[in-house]
Amino acid sequence: MTIAEKEYARTEGMKTVKRINVGLIGFGTVGTGVVRVLKENASVIKDKLGCELVLKRIADRDTTRDRGVKLDEGVLTTDAMDLINDPEISIIIELVGGTGIAKDFIMDAIGSGKHVVTANKALLSTHGKEIFKKASEKGVDIGFEASVGGGIPVIKALREGLAANRIESIYGIINGTANYILSKMTNEGGKFEDVLRRAQEKGYAEADPTYDVEGIDTAHKLAILINLAFGTYIGLKDIYTEGISRINQLDIKFAKEFGYRIKLLAITKSIDGRVEARVHPTMIPANHPLANIDGAFNGIYLKGNAVGPVMLYGMGAGMMPTASAVVADLMDIARNINTGAAHRIPALSYSDSAVREVTIKETDSLEIPYYMRFLAADKPGVLSNISGVLGRHNISISSVIQRDRKIGGSVALVILTHHAVEKELMAALAEIEQMDTIHEKPVYIRIEENLGAAN
Ligand code: NDP
Ligand code: HSE
């Protein structure tokens, strides 16, 4: 039975209104938002599509919890296979999360000829190749707008609006939880643990919040952006990943003094046939538009060779913004069903035969400025010993400041470098750490000065 045959119509007055049935697996934060958007915006959605999207069944492990939305009798089930095996359902929304059972649900749904919408960046960055291949073979669509940037239509921008460009660079604040934590610490001096708990209460954090804090979720999303930008399949293992757990108030304060803000950035640049793919706390100039993105907002600053710089901004996490992206995917798929144009746009926008491997540039060969902070003994000769080591590694100093003399006879010593080779910088830090005048592991933060301006 084809998908078109599975759609059916109902009579509304004298008019026949086409209906497309949808099944939702995972009635959690985002799933609840999807139900709300479909209900609250039903009329505008119908006016735009010329047909109704009907949420026929919802599967969740817990069918008793009150989610604050009223459902018809018989909609809820604990068994996702009730939806996947229902011939009247054309689109399955997967909002369970993770790379286990969620993958089985998606593969089974595709196998049954159903279109799929998912927000699952962990899954797509790990098994995207297999999932997209199967969808292509079956001629069904996979919508994944919500997997990066919450409610921001960045996937559509890369797949469609910017399709004519060679993408040169992308700088993204693409984890709402980490940005919420960093901006609360910067603007209100909040404590890391307290702010993380608030982000969890607001529904921004992943089931395992270390994914947010340690940069893993950002790396999952960066992998998806890189795959779309360059027509390839890279994953977590290809991305250098550092989180924000070692950033403290001192670094935030020093960053401000030097005219920077610290952001957890996803960075990719295509230079001379090699692709940079890295996620780490980054000092960026305080007057760059990304520096002023606060709270759970996300921002993506990218550069195409024809269009130049483009900036996308909006809520990167949370129930309703994420649901906005999920329902937009449902509407795209409904339009494709209505016009018989399923799989009109390949998942990565590149035709299957054009998808290729890219060479990832190792971070060792990066050449950028760095911030370093040492907790050093407050006595003569310490700075000259440190600068001696830096000099031997060809690292030149651009500024030095010393503050907070009282910490147990130690002093916070901050050094900013000119462009330095990362391999040399790491070797120098390892040497400096061994000095008995250095009282804790040195902190370093990479600096990006010209985001997207001069690649
Ligand atoms: P939640 O944990 O709130 O929701 C997941 C739901 O799926 C829970 O109700 C869970 O039940 C249920 N579930 C788990 N296993 C099964 C199963 N086998 N069958 C049926 N239901 C099951 O997660 P979110 O809504 O926050 O996230 C969902 C997805 O969206 C994830 O992939 C996440 O990464 C992604 N995402 C989330 C965003 C956000 O802001 N929250 C933003 C963008 C993407 P139980 O509670 O019993 O485990
Ligand atoms: N935990 C994710 C975040 C959800 O905080 O950005 C949105 O993908």
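From a predicted model like this one, the values you see are computed outputs, not experimental measurements. (Residues numbered from 1 in each chain as written. Chains lettered and ligands numbered in written order. Predicted model: local features only at pLDDT ≥ 70, side-chain atom pairs only at ≥ 80, totals over all residues. Heavy atoms only, no water.)

Position of Arg446 among the secondary structure elements: in strand 20 (residues 443–447). At 3.1 Å, the side chain of Arg446 and the side chain of Tyr240 are in polar contact. For Arg446, the side chain forms a polar contact with the side chain of Glu242, separated by 3.1 Å. (Helix = DSSP H or I, 4+ residues; strand = E, 2+ residues; numbered from the N terminus. Polar contact = N/O pair within 3.5 Å; in protein donor to acceptor, adjacent residues only side chain to side chain.)

Around ligand 2, the surrounding shell consists of Lys121, Asn175, Gly176, Thr177, Tyr204, Ala205, Glu206, Asp212, Asp217, Lys221, Gly316 and Ala317. Backbone polar atom of Gly176 to an oxygen atom of ligand 2: 2.7 Å apart, as the coordinates give it. Separating a nitrogen atom of ligand 2 from a side-chain N or O atom of Asp212 is a distance of 2.7 Å. Looking at the shell around ligand 2, its residues break down into 3 nonpolar, 4 polar and 5 charged. (Near = heavy atom within 4 Å. Nonpolar A, V, L, I, M, F, W, Y, C, P; charged D, E, K, R; others polar.)

Lining the immediate surroundings of ligand 1 are 23 residues, of which Val30, Asp60, Arg61, Glu206 and Gly318 lie closest. Between ligand 1 and the protein, one listed contact pairs an oxygen atom with a backbone N or O atom of Gly318 at 2.7 Å. For ligand 1, whose free accessible area comes to 890 Å², the fraction covered by protein is 81%. Grouping the constituent residues of the shell around ligand 1 by class yields 10 nonpolar, 8 polar and 5 charged. (Areas by Shrake-Rupley, 256 points an atom, 1.4 Å probe, with all protein chains shown as cover.)

As enumerated under the stated definition, the model contains 30 salt bridges in all. We note a salt bridge from Arg373 to Asp251, for which the minimum N-O separation is 2.6 Å. Here Arg373, found in strand 16 (residues 370–377), pairs with Asp251, found in helix 12 (residues 249–257); they are 122 residues apart in sequence, far enough to count as distant. As far as the burial class goes, Arg373 and Asp251 line up, both buried. The partner of Lys441 in a salt bridge is Glu433, and the shortest N-O contact between them spans 3.6 Å. Judged by its relative accessible area of 58%, Lys441 is exposed. Beyond isolated ion pairs, a larger network of salt bridges with shared partners links Lys269, Glu276, Arg278, Lys361 and Glu448. (Salt bridge = Lys/Arg side-chain N within 4 Å of Asp/Glu carboxyl O. Buried < 20%, exposed > 50% of the residue type's maximum accessible area, 1.4 Å probe, protein only.)

Taking burial as the measure, the 8 residues of strand 18 (residues 410–417) include 8 buried ones, the bulk of the element. Here strand 18 shows no split at all, with Ser410, Ala412, Val414 and Leu416 on one side and Val411, Leu413, Ile415 and Thr417 on the other all buried. Relative to strand 18, strand 16 runs antiparallel, the two sharing 7 bridges. By the bridge assignment, Tyr371 is partnered in strand 18 with Leu416. (Pairing = 2+ DSSP bridges.)

When cut into domains, the protein gives domain 1 (3–150 + 319–354), domain 2 (155–315) and domain 3 (365–447). Opposite the 20 residues of domain 2 that make contact, domain 3 presents 17 residues. Roughly 1600 Å² of surface becomes buried between domain 2 and domain 3 when both sides are summed, with 61% attributable to carbon and sulfur atoms. Among the residues domain 2 hides against domain 3, the three largest losses belong to Phe254, Phe258 and Met283. Together they make up 35% of the total. At the surface where domain 2 touches domain 3, the tally comes to 2 salt bridges. Of the charged contacts, one joins Arg446 and Glu242 as a salt bridge, the two residues approaching to 3.1 Å between their closest N and O atoms. For the pair domain 2 and domain 3, the interface holds 7 residue pairs in polar contact (both at pLDDT 80 or more). For the side of domain 2 that touches domain 3, the secondary structure elements donating two or more residues are helix 12, strand 10 (260–271) and strand 11 (274–285). Of all the elements, strand 11 adds the most residues to the side of domain 2 that touches domain 3, at 7 residues. (Domains from an automatic or database assignment. Contact = heavy atoms within 4.5 Å. Buried area = accessible area lost by both parts, 1.4 Å probe.)

Relative to each other, helix 8 (residues 176–188) and helix 9 (residues 192–201) sit at 135°, their axes nearing to 9 Å. Our classification of the angle between helix 8 and helix 9 gives oblique. Read as a crossing pair, helix 8 and helix 9 show a hand that is right-handed. In this structure, helix 8 contributes Thr177, Tyr180, Ile181, Lys184, Met185 and Glu188 to the contact, and helix 9 contributes Phe192, Val195, Leu196, Arg198 and Ala199. When grouped by side-chain class, the residues that make up the contact of helix 8 with helix 9 number 7 nonpolar, 1 polar and 3 charged. (Axes fitted to C-alpha atoms, helices over the stretch in contact; angles between N-to-C directions. Parallel < 35°, antiparallel > 145°, perpendicular 65-115°, else oblique. Left-handed = near helix turned anticlockwise from the far one by under 90°.)

The backbone of Ser349 sits at a positive phi, close to 80°, despite the residue not being glycine. Along the polypeptide, Ser349 turns up in the loop between helix 13 (319–339) and strand 14 (359–360). Its identity is not glycine, yet Asn394 carries a phi of approximately 65°, on the positive side. Summarising the element assignment, Asn394 is placed in the loop between helix 14 (382–392) and strand 17 (397–403). Judged by its relative accessible area of 70%, Asn394 is exposed.

Turning our eyes to something else, we now look at the nonpolar core. Val154 and Ile244 are the most contacted members of the largest nonpolar core, which has 85 residues in total. Of the residues forming this core, the biggest block, 9 residues, is contributed by helix 11 (residues 216–230). (Core = buried A, V, L, I, M, F, W, Y, C linked by side-chain atoms within 4.5 Å.)

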